[in-house]
Amino acid sequence: MFHTILLAVDGSENARRAAETAASLVPALAGSSLVIVYVAAVPPAQSRIVKANFDVHALLEEDAHEVAGPILDLIEDAGVPYTLKIGMGDPASEILSTAEDIGADLIVIGSRGLGVLKGVVLGSVSQKTAQLAACPVMIVK
């Protein structure tokens, strides 16, 4: 049923809980694989880009490991192999684009826990992802 599971991470507590859920799903679904996506909402500082010889991807990967390192460790400790994808820009758009690119059958994402008014006015990454995704989305609180 679910062969390719996409886990969106941002380093938050909700993302950690989503990772725990994904880590338990993958072994239970024989033949499934896990792809983790980390999206940087803003590009690295120009000084960092220059220092890194304009290798923006390497900087984003470094940021992903710094911000989401504990979550990646959790997945590794569970013995679940994964592929890490990195994006930059609007998180919901990047998650959806990655899901389409890899042919995701399920997206697992943490809820942001926005207040009622703020959620109505701004929406959240998880809400936008759930509304626009072509596959099921599991939002973990």
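Residues numbered from 1 in each chain as written. Predicted model: local features only at pLDDT ≥ 70, side-chain atom pairs only at ≥ 80, totals over all residues. Heavy atoms only, no water.

Draft legend 1. The nonpolar core, seen in detail. Counting residues in each nonpolar core, the largest one holds 25 residues, and the members touching the most others are Ile5, Leu7, Val9, Leu34, Ile36, Ile75 and Val108. Mapped by element, the contributors of at least two residues to this core are β1 (4-9), α1 (13-28), β2 (33-40), α3 (56-77) and β4 (106-110). When residues no more than four places from it in sequence are discounted, the contact partners of isoleucine 5 are Leu25, Val26, Leu29, Ser32, Ser33, Leu34, Val35, Leu106 and Val108. Formed by 15 residues, the second largest nonpolar core is a distinct cluster that contains Ala92, Ala104, Val125 and Ala133. (Core = buried A, V, L, I, M, F, W, Y, C linked by side-chain atoms within 4.5 Å. Buried < 20%, exposed > 50% of the residue type's maximum accessible area, 1.4 Å probe, protein only. Helix = DSSP H or I, 4+ residues; strand = E, 2+ residues; numbered from the N terminus. Contact = heavy atoms within 4.5 Å.)

Draft legend 2. Representation of the packing of helix α4 (residues 91-102) against helix α6 (residues 125-132) within the structure. Between α4 and α6, the shortest axis-to-axis distance is 9 Å and the interhelical angle comes to 40°. Here α4 is positioned oblique relative to α6, judged by the angle of their axes. Remark: the crossing between α4 and α6 carries right-handed chirality. Within the contact between the two elements, α4 uses Pro91, Ala92, Ile95 and Leu96 and α6 uses Val125, Lys128, Thr129 and Leu132. Split by residue class, the contact of α4 with α6 holds 6 nonpolar, 1 polar and 1 charged. (Axes fitted to C-alpha atoms, helices over the stretch in contact; angles between N-to-C directions. Parallel < 35°, antiparallel > 145°, perpendicular 65-115°, else oblique. Left-handed = near helix turned anticlockwise from the far one by under 90°. Nonpolar A, V, L, I, M, F, W, Y, C, P; charged D, E, K, R; others polar.)

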